[in-house]
Amino acid sequence: MRKGGNAMLFNSPEFAFFFILVLVGVHLCNRRKVRASRNLLLLLASYGFYAWLELWFPILLAFVTLINYGGVQFLIRHPQRRVGIMAGIIVLSLLPLASLKYLPMWVPGLFLPAGLSFFTFQALTYSLDIYRKKLEPIPQWVDFALFVSFFPTQLSGPIERARNLLPQLQGPMVIKWSGLQRGASLFLWGLFKKAVIADRLALYVNEIYAVPGAHSGSTLALAAVLYSIQIYADFGGYASMARGAGLMLGVDLVDNFRFPYFACTVKEFWRRWHISLTSWFTEYVYISLGGNRVSQARWVVNIAAVFLLSGIWHGATWAFVAWGGIHALLYLTEHALGIKKGNPFYGLGVFLMVSLAWIFFRAGDVGLAWAIVLRIFTLPWGIPSSGASLFSLAVTCCLVLGFLLVEFIQYSNVSLPRLCKPAAWLATILLIALFGVSGNQFVYFQF
């Protein structure tokens, strides 16, 4: 998305007002038992939500929707040409993404509309599942258009499967008090992760990465670890808010983020980080290439291809390719060593290896990233820079430690007394009010 774009961010007052209006509208439609009106309302709201970024963005939504809905109708009528039709659907669906994501390398001034790769992949699940005879076509175009554009998933996922989300949109979508409570809790915790943890860490990380050559290895190492936590809180925050918004509307979106830094192996990490994207590549790329039902050499190629494609999906630079390649190497090395279940000490090593890989992700340039890695491993280190303010960094680190403790409690599924819930709500709201940093867009909006 263009820098400075007027996005209706989940962490903005505009979104709160917008969401309340949509919630009330959906509730009124449900009371009158008018599903068609409810879905039309949600469809208009979703297109309005996307148009808030740029007025022409909904054209992309409409194009991807038309190609997949119309293409499937054509496929049904001409089953003898199903392979060619499916190929055409894929090519035409990916055309806007390929053009707007990769042409800017050669054509200055172009920029990637937020969410384009997410709703494109989401739309393709419908066509691919019908092609594979895993799903029946739906008669109502409004339901399909809403599935592609549903605003909680629109900008950064999760990449929903048609077979999971469509039945919910075609059903009653009842708004219950339990869903409102659970959804609001998730949304509030996501807002804390974004505003208090990710955006505060970004203040330090951005300062260091602005002039990495001016800093010592210890400072760059600290920045790498803090960026690793920043992107965890940033993307995890979005995932929590998206799921929370869905639950409040009566829709159960897939869990896209399950405590990935508590993973004890690289394989487990990828089962917990951006789950919907990982599973999309697994189902529609890895299995299509033969999965693990091939020779050992071919399996290695399949794994490497999936990771490299994941890197390219994130961005059209060699730095993202390198990031995907590093994870492929880590995954394959772990497999070659026969490591199937790690321990907390190995899990710490996984976190550090993932943090090193994030350097390529954050730097955006292979040469710069490699220079930062070399500087980190150059001794002596010295005392890390405190950035603009030692006090601010100390406060941020204390907040991070508290955040990681709460994440561990949630990961461990520890049962807490019922009275802890309202106290946790109040504490979270106060911390957001006191320490929250607002106005920053989410990292994954650029993908």
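Residues numbered from 1 in each chain as written. Predicted model: local features only at pLDDT ≥ 70, side-chain atom pairs only at ≥ 80, totals over all residues. Heavy atoms only, no water.

Student: Explain the overall build of the protein to me, and be specific about the residues and the numbers.
Tutor: Helices and strands together make up the secondary structure of the protein, namely 18 helices and zero strands. Radius of gyration (C-alpha) of the protein: 22 Å, near the 22 Å computed for a compact globule of 447 residues. Dimensions along the principal axes, computed over C-alpha positions, put the protein at roughly 70 × 55 × 45 Å. Long-range contacts, defined here as pairs at least 24 residues apart, represent 77% of the contacts in the protein between residues at least 6 apart. For the protein, the accessible surface area stands at approximately 20,800 Å², while carbon and sulfur atoms represent 69% of it. For the protein, the distance from the average position of its 34 positive side-chain charges to the average position of its 16 negative side-chain charges is 7 Å. (Helix = DSSP H or I, 4+ residues; strand = E, 2+ residues; numbered from the N terminus. Rg over C-alpha atoms; globule rule 2.2 N^0.38 Å. Contact = heavy atoms within 4.5 Å. Areas by Shrake-Rupley, 256 points an atom, 1.4 Å probe, with all protein chains shown as cover. Lys, Arg positive; Asp, Glu negative; His and termini not counted. Charge placed at Lys NZ, Arg CZ, Asp CG, Glu CD.)

Student: Can you lay out the environment of Ser 149 for me, pointing to particular residues and giving the numbers?
Tutor: Topologically, Ser 149 is positioned in helix α6 (residues 141-149). Overall, the relative accessible area of 0% leaves Ser 149 in the buried class. Along the primary structure Ser 149 and Thr 120 are separated by 29 residues, whereas in three dimensions their C-alpha atoms are 9.7 Å apart. With residues up to four places along the chain from it excluded, the contact list for Ser 149 reads Leu 43, Ser 46, Tyr 47, Leu 61 and Gln 154. (Buried < 20%, exposed > 50% of the residue type's maximum accessible area, 1.4 Å probe, protein only.)

Student: Can you lay out the packing of aromatic side chains for me, pointing to particular residues and giving the numbers?
Tutor: A complete count under the given rule lists 51 aromatic pairs for this structure. Plain terms: the ring middles of Tyr 50 and Phe 57 are 5.3 Å apart, the flat faces sit at 40 degrees to each other, and that makes the pair tilted. By the burial criterion, Tyr 50 is buried, and Phe 57 matches it. Aromatic pair Phe 259 and Phe 262: ring centres 6.3 Å apart, planes at 65 degrees, arrangement edge-to-face. Its end group placed over the ring of Tyr 131, Arg 82 keeps NZ or CZ at 4.2 Å from the ring centre. (Phe/Tyr/Trp six-rings, centres within 6.5 Å; stacked < 30°, edge-to-face > 60°. Lys NZ or Arg CZ within 6 Å of the ring centre and 35° of its normal.)

Student: So what's going on with the side chain of Asp 129? Which residues, and what values?
Tutor: Its location among the elements puts Asp 129 in helix α5 (residues 116-131). In this structure Asp 129 comes out as buried when scored by relative accessible area, which is 0%. Here Arg 163 takes part through its side chain, which lies 2.4 Å from a polar atom of the side chain of Asp 129. Sequence-distant contacts of Asp 129, defined by excluding residues within four places in its chain, comprise Lys 134, Leu 135, Arg 163, Glu 283 and Tyr 284. (Polar contact = N/O pair within 3.5 Å; in protein donor to acceptor, adjacent residues only side chain to side chain.)

Student: Which residues make up the confidence of the model for the protein, and what values go with them?
Tutor: Here the protein shows a mean pLDDT of 90. Residues at 70 or above account for 94%. Counting contacts from residues 1-5, a segment whose pLDDT is below 50, to residues more than four positions away or on other chains yields ten contacts. (pLDDT = per-residue confidence, 0-100.)

Student: Could you give an account of a nonpolar patch on the surface, naming the residues involved and the relevant values?
Tutor: Among the surface-exposed residues, Ile 20, Val 24 and Leu 28 lie close enough to one another that they form a single nonpolar patch of about 270 Å² accessible area. Counting through the fold element by element, Val 24 comes out in helix α1 (residues 13-31). (Patch = residues over 30% accessible without salt bridge, like charges linked within 9 Å, V, L, I, M, F, W, Y side chains within 5 Å. Salt bridge = Lys/Arg side-chain N within 4 Å of Asp/Glu carboxyl O.)

Student: Mind laying out unusual backbone geometry, listing which residues take part and the relevant values?
Tutor: Cis rather than trans, the peptide bond between Gly 157 and Pro 158 has omega equal to 10 degrees. Locating Pro 158 in the fold gives a position in the loop between α7 (151-154) and α8 (162-170). For Asn 413, which is not a glycine, the phi torsion comes out positive at approximately 60 degrees. Relative to the elements of secondary structure, Asn 413 occurs in the loop between α17 (390-411) and α18 (420-435).

Student: Explain the state of the cysteines residue by residue, including any values.
Tutor: Every disulfide links exactly two cysteines, by a covalent bond between their sulfur atoms. For the coordinates displayed, the defined rule picks out zero disulfides. Here Cys 397 stays unpaired: no disulfide links it, and the sulfur of Cys 398, its closest cysteine neighbor, is 7.2 Å away. The class of Cys 398 is exposed, set by a relative accessible area of 54%. (Disulfide = S-S within 2.5 Å.)

Student: Run through helix α15 (residues 344-363), naming residues and quoting values.
Tutor: With 20 residues, α15 extends 29 Å from end C-alpha to end C-alpha; this agrees with the ideal 28 Å at 1.5 Å per step. All buried positions along α15 are accounted for by Gly 347, Val 350, Phe 351, Val 354, Ser 355, Ala 357, Trp 358, Ile 359, Phe 360, Phe 361 and Ala 363. Taken together, the buried residues of α15 touch α9 (177-210), α10 (217-248), α11 (266-270), α13 (296-314), α14 (318-336) and α16 (366-376). Measuring from the side-chain oxygen of the N-cap residue of α15 to the backbone nitrogen of Phe 345 gives 3.0 Å; that N-cap residue is Asn 343. Remark: Gly 364 follows α15 within two positions and exhibits a positive phi of approximately 75 degrees. (Expected span 1.5 Å × (residues − 1).)

Student: So what's going on with the side chain of Ser 276? Which residues, and what values?
Tutor: By the secondary structure assignment, Ser 276 is in helix α12 (residues 275-286). Ser 276 sits in the buried class, given a relative accessible area of 3%. Only 3.0 Å separates the side chain of Ser 276 from the backbone nitrogen of Ile 159, close enough to count as a polar contact. Those residues in contact with Ser 276 that lie beyond four places of it in its chain are Pro 158, Ile 159, Arg 161, Val 254 and Asn 256.

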